[in-house]
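Here is how the chains run, residue by residue.
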Amino acid sequence: MIGLRKIGIIGAMPEEINAVIKLLTNRSEETIGKRTYYSGFIDGIATVVVFSRWGKVAAATTVTTLIQQYGITELIFTGVAGAINPLLNIGDVVLGDRLIQHDMDARPLMEQYEIPLLGKIFFETDKKQSEEIAISITEMLESKNMIPIFTKEALDNFNIKAPKLYGGDIASGDQFFSDNNQKENLHSKLPSVLCVEMEGAAAAQVCFEYGIPFRIVRIISDVANENSHLDFPLFIKDIASKYTFEIIRRMYSVFSGQRL
Ligand code: ADE
């Protein structure tokens, strides 16, 4: 299995990718269409790591290149997201069950959110693969494991006390949510959605069309309200890249059978 498997890892932030590429051995790099693709091995598993840039088009083209040029057999998308469900707090992690494009609207030709010609509203992630990594993420979020990774000051700044892992729906669209009305509107129209970001459902569509299993992991960086634009950059700088590094490191220990 290991010889055939090739994992694509996309990060929606350059900081995350700069952290993850440190895990690659035998590393080589290639630039195609304004993205640098880093190839190598993590725990003996062939892996390609890339920063997608932002938005649905950017994500879709990056996934297409990973599939067409690099022959990946599965995709992991990591990044941050704004919380839509009021239960979620900054520092929580969402493992996507289903992805929806909240800005897709071809009414009256078809139902709101329906992807033209696919007749689908939601793209499902691979349940078995997501379950496989859920335990390692939950373990990372335990305080005994968080303390050595983050400074207490960084965690206190964001009031991160007992972060949790949630499984549920994620909405994507070409909009940064920074207003409570925008957030409440999405929450009332799509109550199953836990968080919002700008790439996941586009990556999901490409994976669905090519028949590639995918997982989407999102760390809550803000609560999609008037403070989002302040919380988001600070969270990226102090917290997100360390979270992503740790999540990926722990995922690979599960993949390669050497639990940490
Ligand atoms: N990614 C992180 N925070 C976000 C927000 N508030 N809106 C859209 N994408 C995000």
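Everything below is about the structure shown above.
Residues numbered from 1 in each chain as written. Predicted model: local features only at pLDDT ≥ 70, side-chain atom pairs only at ≥ 80, totals over all residues. Heavy atoms only, no water.

**Quick word on the site of the ligand**
Right, so step 1: Close contacts around the ligand come from 14 residues, with G82, F176, F177, E197 and D222 the closest.
Right, so step 2: Note that a nitrogen atom of the ligand is positioned 3.3 Å from one of the backbone N or O atoms of G82.
Right, so step 3: Separating a nitrogen atom of the ligand from a backbone N or O atom of F177 is a distance of 2.8 Å.
Right, so step 4: Put simply, the parts of the chain that give the shell around the ligand at least two residues each are β5 (74–83), β9 (193–197), β10 (214–222) and α8 (228–255).
Right, so step 5: In terms of residue count, β5 provides more of the shell around the ligand than any other element does, 3 residues in total. (Near = heavy atom within 4 Å. Polar contact = N/O pair within 3.5 Å; in protein donor to acceptor, adjacent residues only side chain to side chain. Helix = DSSP H or I, 4+ residues; strand = E, 2+ residues; numbered from the N terminus.)

**Notes on the packing of helix α3 (residues 127–141) against α8**
Right, so step 1: Running from N to C, α3 and α8 point in directions that differ by 135°, and their axes come no closer than 9 Å. Regarding the angle of α3 to α8, the classification is oblique. Crossing of α3 against α8: the hand is right-handed. Here E132, I133, S136, I137, E139, M140 and L141 of α3 lie close against α8, whose contacting residues are Y243, E246, I247, R250, M251, V254 and F255. (Axes fitted to C-alpha atoms, helices over the stretch in contact; angles between N-to-C directions. Parallel < 35°, antiparallel > 145°, perpendicular 65-115°, else oblique. Left-handed = near helix turned anticlockwise from the far one by under 90°. Contact = heavy atoms within 4.5 Å.)

**A few points about the pattern of salt bridges**
Right, so step 1: Throughout the structure, instances matching the rule amount to 14 salt bridges.
Right, so step 2: Here K120 makes a salt bridge to E124, at a shortest N to O gap of 3.3 Å.
Right, so step 3: E124 gets classed as partly exposed once you look at its relative accessible area, which sits at 46%.
Right, so step 4: Note that K144 is salt-bridged to E142, the shortest N-O span being 2.7 Å.
Right, so step 5: Three or more residues are tied together by salt bridges with common partners; here these are R5, E74, E132 and R215. (Salt bridge = Lys/Arg side-chain N within 4 Å of Asp/Glu carboxyl O. Buried < 20%, exposed > 50% of the residue type's maximum accessible area, 1.4 Å probe, protein only.)

**What about the environment of E142?**
Right, so step 1: For E142, the position within the fold is in the loop between α3 and α4 (143–146).
Right, so step 2: For E142, a relative accessible area of 34% gives the class partly exposed.

**Comments concerning the pairing of strand β3 (residues 35–42)**
Right, so step 1: Of all 8 residues in β3, 6 are buried, a share of seventy percent or more.
Right, so step 2: Two elements, strand β2 (residues 25–32) and β3, share 6 bridges in a ladder whose sense is antiparallel. Of the residues in β3, the one forming a bridge with T25 is F41.
Right, so step 3: Where β2 folds back on β3, the antiparallel hairpin that results is connected by 2 residues, among which G33 adopts a positive phi of roughly 55°.
Right, so step 4: Two strands pair when backbone bridges link them, and β3 and strand β4 (residues 45–51) are joined in this way by 6 bridges, in the antiparallel orientation. Its bridge partner lying in β4, F41 is registered against A46.
Right, so step 5: If you look at the hairpin formed by β3 and β4, you'll find 2 residues sitting between the two strands, and D43 has a positive phi there, around 50°. (Pairing = 2+ DSSP bridges.)

**Quick look at the side chain of E16**
Right, so step 1: Of note, E16 is situated in helix α1 (residues 14–20).
Right, so step 2: Of the buried charged residues, E16 lacks a salt bridge, with R218 as the closest side chain of opposite charge at 6.4 Å.
Right, so step 3: Reaching out from E16, the side chain makes a polar contact with the side chain of T244 at a distance of 2.7 Å.
Right, so step 4: Leaving out residues up to four positions away in the same chain, E16 has contacts with G11, T78, G79, A240, S241 and T244. (Lys, Arg positive; Asp, Glu negative; His and termini not counted.)

**With respect to the side chain of S39**
Right, so step 1: With respect to the helices, strands and loops of the structure, S39 is situated in strand β3.
Right, so step 2: Residue classification places S39 among the buried residues on the basis of a relative accessible area of 18%.
Right, so step 3: S39 has contacts with L24, N26, R27, S28, T47, V48 and Y70, leaving out every residue within four places of it along the chain.

**Digging into the environment of G167**
Right, so step 1: Relative to the helices and strands, G167 resides in strand β8 (residues 165–172).
Right, so step 2: The class of G167 is exposed, set by a relative accessible area of 53%.
Right, so step 3: The spatial distance from the C-alpha of G167 to the C-alpha of V94 is 5.6 Å, given a sequence separation of 73 residues.
Right, so step 4: Not counting residues up to four positions away in its chain, the partners in contact with G167 are L95, D97 and L194.

**Remarks on helix α7 (residues 200–210)**
Right, so step 1: With 8 of its 11 residues buried, α7 lies for the most part within the structure.
Right, so step 2: For α7, the set of buried residues is G200, A201, A202, A203, A204, Q205, V206 and C207.

**Digging into the packing of aromatic side chains**
Where two aromatic rings form a pair, the distance of their centres and the angle of their planes describe that pair.
Right, so step 1: Inspection of every chain in the model, using the stated rule, returns 8 aromatic pairs.
Right, so step 2: For the pair Y37 and Y70, a centre-to-centre distance of 5.2 Å together with 20° between the ring planes defines the contact as stacked. Taken as a pair, Y37 in strand β3 and Y70 in the loop between α2 (56–68) and β5 lie far apart in primary sequence, 33 residues in all.
Right, so step 3: On the numbers, 6.4 Å between centres and 75° between planes, the contact of W54 with F232 is edge-to-face. Placement of the pair is W54 in the loop between β4 and α2 and F232 in helix α8, with a sequence separation of 178 residues.
Right, so step 4: F232 sits in the buried class, given a relative accessible area of 16%.
Right, so step 5: Every member of this aromatic cluster is reached through a ring pair, and the members are F150, F158, F235 and Y243.
Right, so step 6: Across from the ring centre of F255, 4.5 Å away, lies the NZ or CZ of R5, which sits over that ring.
Right, so step 7: Residue placement shows R98 over the ring face of F122; its charged tip is 3.6 Å from the ring centre. (Phe/Tyr/Trp six-rings, centres within 6.5 Å; stacked < 30°, edge-to-face > 60°. Lys NZ or Arg CZ within 6 Å of the ring centre and 35° of its normal.)

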